[in-house]
Amino acid sequence: MKRVYLFGTCLIDNYYPEAGLDAIELLSLAGFESVFPQSQTCCGQPPYNSGYATQSAAVAMQTVDTFLYAEYPLIVPSASCAGMIKNHYPVLLRDHPEYEKKAIALASKTFELVDFIVDKLPYHQLTSNTPVTAALHQSCSALRETGSAKSWIKLIGHMPHVTLNLPCYAEECCGFGGTFSIKSPEVSLAMTKDKYEHLVATKSQTVISGDCGCLINLKGYAKKNGLAFPHQHIASFAKQQFDEANS
Amino acid sequence: MTPFNERIIEALETPELRSNLRGAMDFLRSKRSLSIEDYALWQQHQDIATDVRHALPQQLPELLEQLEQSCTRNGIEVHWAADASDARKIFLQIAQATNATRVIKGKSMASEEIELNTHLEQHGIESTESDMGEFIVQLANEKPSHIIMPALHKNQEQIAELFNQKLNEKADASDVDQLIGIGRKVLREKFKQADIGVSGVNFAAAKSGTLCLVENEGNGRLSTSVPNCHIAIMGIDKVIPDLSSLPSLLYLLTRSATGQEITSYVNLISGPRKPDELDGPKSVHLIILDNGRSSIASDPALAATLACIRCGACMNHCPVYTKIGGHAYGTTYPGPIGQVISPQLDGGEEHNELLNACSLNGACGEACPVNIELPDMIRELRNQRSAAQPNHTGEKMVWHAWRAIHQSPRLYQLTSLMMRIPGLSSLLFPRRWTKGRTSPTPANNTLHALIKAKTNHDNRDPQHEHK
Ligand code: SF4
């Protein structure tokens, strides 16, 4: 099997590790063996977006070193972190002569998970007849950084038993935005409330997304208010569909 | 709490404002997208306009010099204002020289920027806004909440009530035509009486010395042609080389702003009344305002701020603006472009806090017809502001610590372990977060640990650990 690197991302690492394992399973269904370097940490986006580029660059360099060791493509189960590496590393590291080239090299071999596998999965193995309804939260990064939202919709489109619902104002931010939700908590929360309600209004069995920041944010809102929020990372959701087909 | 946050809360707690905003934004967004029928053509115009506007900051000195020469040749008197107070002084001098007591104004954000109305009032000169939205806002003693639709925070009921109160009318909230009729009746008289007409400028062509002004109500045309004296106010960034790019700029501007293929009025003003002409102002003045813009032009990372054509699309697509409206920003220019330009204008330091109110979701940059990467610029401004902070400030220290942890795989994994000590993980999330959201509970095991356990080898060389 061809090898790929998997970057778990710090949020999946700590809060949704099963999504990381499911990503590995999906990659293997698509014909790839995942290599998970234990030296990986975070992509550096939190300080980058907060205006602390120097701190971010230091961590970005560590990530570049980790994943340039071998030539394997780098697969990231998060549009946000994939977008950070693909679109922002070359800019962030442009004043570090040694790393600028490396950043460009890494950017060009980095893929959001679903972008990478959507055309490679053995959909013919899917035999489930149990209908499922899922609401998709397209993250801002998947819409406007990597464009992966298209692949997410395509992936689910290959699953005839799944009805995919897009909430109204689907393209609007859920209000997370990293430290935005801490520095401007009130308006952030108003956005989160809207997003939650629009997702719930689709009356779907579960909410799926490929970005854990949004999921943590929405779940935190729901929990605080005693509301239900059944949800899954899109990798876990997809993996489950294949499991059910094989069980 | 910062005053900005207080204003945000106030706006969020006004249900009527929230629904007015949502309604207006839905309307503007859908009109805009419907007006972009031919995407290939849209892109052609976008390329032309983007090139012209982004080249601008480099060319400013030459273009402005050329504009002055052409205008002067056309009989337009050009005045240079380094900042807002300069512009006010120049205006007042012109007004006093002609013994003017009444001014009628078309829509002009530059005049808002210099707070012209207040200044004129202080000097005993009556200044009346003639754009219907501006008229409503002025009547209510407020400021515009949007650069294109100044009164979009108000609904018809609120406007009818305002007219009934202030103008002693019996307005019917359900009849828009009647409402507008009331405003027009008042304004007609003001047009007749005015000594000076004021306008903004959408674009000023340097080569021909032509001032372009787009509008829908005809008030701009009246303001610039009925009174004996016309004073136009523009920021230095409104200049364009010549009229050749104007069709593209207008194509984008009107579609982005109001979803119109073209506005009802497109005014091209090239000077005062000529000896053989029957109407038009006897004198035309152009006040060109810097107010911090030339220093924006000299910063390559931020110069694109000046490419803006003030269409308002970024605010219409901003989820923060949609929630709080323009007044909460406390600036002349609200929304994403306001967050970018306000802190950079003269005396803008107090607006640095606006930079926090952005989730970098990218909707504004996507909507901008002249491809201004607003999110990148907000990030850049955050960088510049944080770099200017001393090293011991709270947030900087947090990120220093954050860097130390995430630069070292060992420290990172150790921190991950510590997060799993009951009670510790919630400490990561400050109260400002946990007030409205429960902090997440870490999973029992990290992905690092799960993979390590699966492969069952504890290889100290991190590069060679495979699944
Ligand atoms: S920044 Fe772009 S979208 Fe916003 S007002 Fe200016 S031109 Fe329009």
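## Here's the deal with the packing of helix H2 (residues 17–29) of chain A against helix H21 (residues 447–455) of chain B
Item 1. Where H2(A) contacts H21(B), the axes come no closer than 8 Å and their chain directions differ by 50°. When the interaxial angle is binned, H2(A) and H21(B) end up oblique. The hand of the H2(A)/H21(B) crossing is right-handed. Across the interface between the two elements, Pro17(A), Gly20(A), Leu21(A), Ile24(A) and Glu25(A) from H2(A) touch Leu447(B), Leu450(B), Ile451(B) and Lys454(B) from H21(B).
Item 2. Here the residues of the contact of H2(A) with H21(B) sort into 6 nonpolar, 1 polar and 2 charged.

## Examining the interface of chain B and chain A
Item 1. In this assembly, 70 residues from chain B lie in contact with 73 residues from chain A.
Item 2. Across the interface of chain B and chain A, roughly 6500 Å² is buried in total on both sides, 58% from carbon and sulfur atoms.
Item 3. For the interface between chain B and chain A, the tally reads 8 salt bridges.
Item 4. Between Glu172(A) and Arg22(B) there is a salt bridge whose closest N-O contact spans 2.8 Å.
Item 5. On the surface where chain B and chain A come into contact, there are 34 residue pairs in polar contact (both at pLDDT 80 or more).
Item 6. Per-element accounting of the side of chain B that touches chain A gives the leading share, 8 residues, to helix H18 (residues 394–407) of chain B.
Item 7. For the side of chain B that touches chain A, the residue count by class is 27 nonpolar, 23 polar and 20 charged.

## Some details on the pattern of salt bridges
Item 1. Tallied over the full model, the rule gives 24 salt bridges over all chains.
Item 2. Note that Arg29(B) is salt-bridged to Glu172(A), the shortest N-O span being 3.0 Å. On the criterion of chain membership, the pair formed by Arg29(B) in helix H2 (residues 15–35) and Glu172(A) in the loop between strand S6 (162–165) and helix H10 (180–183) is interchain, its members lying in two chains.
Item 3. On the basis of relative accessible area, Arg29(B) is assigned to the buried category, the value being 10%.
Item 4. Its salt-bridge partner being Glu115(B), residue Lys143(B) comes within 3.0 Å of it at the nearest N-O pair. With Lys143(B) in the loop between helix H7 (132–139) and helix H8 (156–167) and Glu115(B) in the loop between helix H5 (109–113) and helix H6 (116–122), the pair connects residues that are 28 residues apart, well separated along the chain.
Item 5. A relative accessible area of 40% places Glu115(B) in the partly exposed class.
Item 6. Salt bridges linked by common partners bring Glu171(A), Glu172(A), Asp194(A), Arg22(B), Arg29(B) and Lys323(B) together as one network.

## Some points on the domain arrangement of chain B
Item 1. Under the domain assignment used here, chain B contains domain 1 (58–295) and domain 2 (403–466).
Item 2. Between domain 1 of chain B and domain 2 of chain B, the C-alpha centre-to-centre distance is 58 Å.

## Digging into the sheet that holds strand S4 (residues 110–112) of chain A
All names here are of chain A.
Item 1. Ordered in space as S2-S1-S3-S4, the 4 strands form an open sheet in which the pairing is parallel. Where the open sheet ends on each side, the last strands, each with one partner, are strand S2 (32–35) and S4. Ignoring which end each strand starts from, the neighbouring axes of this sheet average 40° apart.
Item 2. Note that strand S1 (residues 2–6) and strand S3 (residues 74–76) share 2 bridges and pair parallel. Paired with Leu6 across the bridge in S3 is Ile75.

## A look at the nonpolar core
Item 1. Core analysis: the largest hydrophobic core is formed by 92 residues, its most contacted members being Leu67(B), Phe203(B), Val239(B), Leu286(B), Val320(B), Ile324(B) and Ile372(B).
Item 2. Take this core: its biggest share by element is 9 residues, from helix H3 (residues 39–74) of chain B.
Item 3. When near neighbours in sequence (up to four residues on either side) are disregarded, Leu67(B) contacts Ala204(B), Ala205(B), Ala206(B), Gly209(B), Met234(B), Val239(B), Leu286(B) and Ile288(B).
Item 4. Among the nonpolar cores identified, the runner-up in size contains 57 residues, and Ile12(A), Leu113(A), Val207(A) and Phe237(A) belong to it.

## With respect to helix H19 (residues 409–419) of chain B
Item 1. Along H19(B), the residues classified as buried are Tyr412(B), Ser416(B) and Met419(B). The arc that holds every buried residue of H19(B), seen down its axis, measures 60°, which confines them to one face. Away from its buried face by more than 90 degrees, H19(B) exposes Arg410(B) and Leu417(B).
Item 2. At its buried positions, H19(B) is contacted by helix H1 (10–15) of chain A together with H18 and H21 of chain B.

## Side note on the side chain of Thr322(B)
All names here are of chain B.
Item 1. For Thr322, the location among the structural elements is in helix H14 (residues 319–324).
Item 2. A polar contact of 2.6 Å, which involves the side chain of Thr322, links it to the backbone oxygen of Cys318.
Item 3. When residues no more than four places from it in sequence are discounted, the contact partners of Thr322 are Leu21, Arg22, Met25, Arg29, Met315 and Asn316.

## A short note on the sheet that holds strand S5 (residues 132–136) of chain A
Residue and element names in this part refer to chain A.
Item 1. The sheet built from 4 strands is open, its strands ordered S6-S5-S7-S8 with parallel pairing. Every other strand in the sheet has two partners, leaving S6 and strand S8 (231–233) as the edge strands with one partner each. On average, each strand axis in the sheet is tilted by 35° relative to the strand beside it, whichever way the strands run.
Item 2. Relative to S6, S5 is paired through 4 bridges, and the arrangement is parallel. Bridge pairing links Val132 to Val162 in S6.
Item 3. On top of the sheet, helix H13 (residues 234–246) reaches S5, S6, strand S7 (206–209) and S8; it is set at about 90° to S8, its chief contact.

Reading guide: rules and limits
Residues numbered from 1 in each chain as written. Chains lettered and ligands numbered in written order. Predicted model: local features only at pLDDT ≥ 70, side-chain atom pairs only at ≥ 80, totals over all residues. Heavy atoms only, no water. Axes fitted to C-alpha atoms, helices over the stretch in contact; angles between N-to-C directions. Helix = DSSP H or I, 4+ residues; strand = E, 2+ residues; numbered from the N terminus. Parallel < 35°, antiparallel > 145°, perpendicular 65-115°, else oblique. Left-handed = near helix turned anticlockwise from the far one by under 90°. Contact = heavy atoms within 4.5 Å. Nonpolar A, V, L, I, M, F, W, Y, C, P; charged D, E, K, R; others polar. Buried area = accessible area lost by both parts, 1.4 Å probe. Salt bridge = Lys/Arg side-chain N within 4 Å of Asp/Glu carboxyl O. Polar contact = N/O pair within 3.5 Å; in protein donor to acceptor, adjacent residues only side chain to side chain. Buried < 20%, exposed > 50% of the residue type's maximum accessible area, 1.4 Å probe, protein only. Domains from an automatic or database assignment. Pairing = 2+ DSSP bridges. Core = buried A, V, L, I, M, F, W, Y, C linked by side-chain atoms within 4.5 Å. Arc of directions from axis to C-beta.

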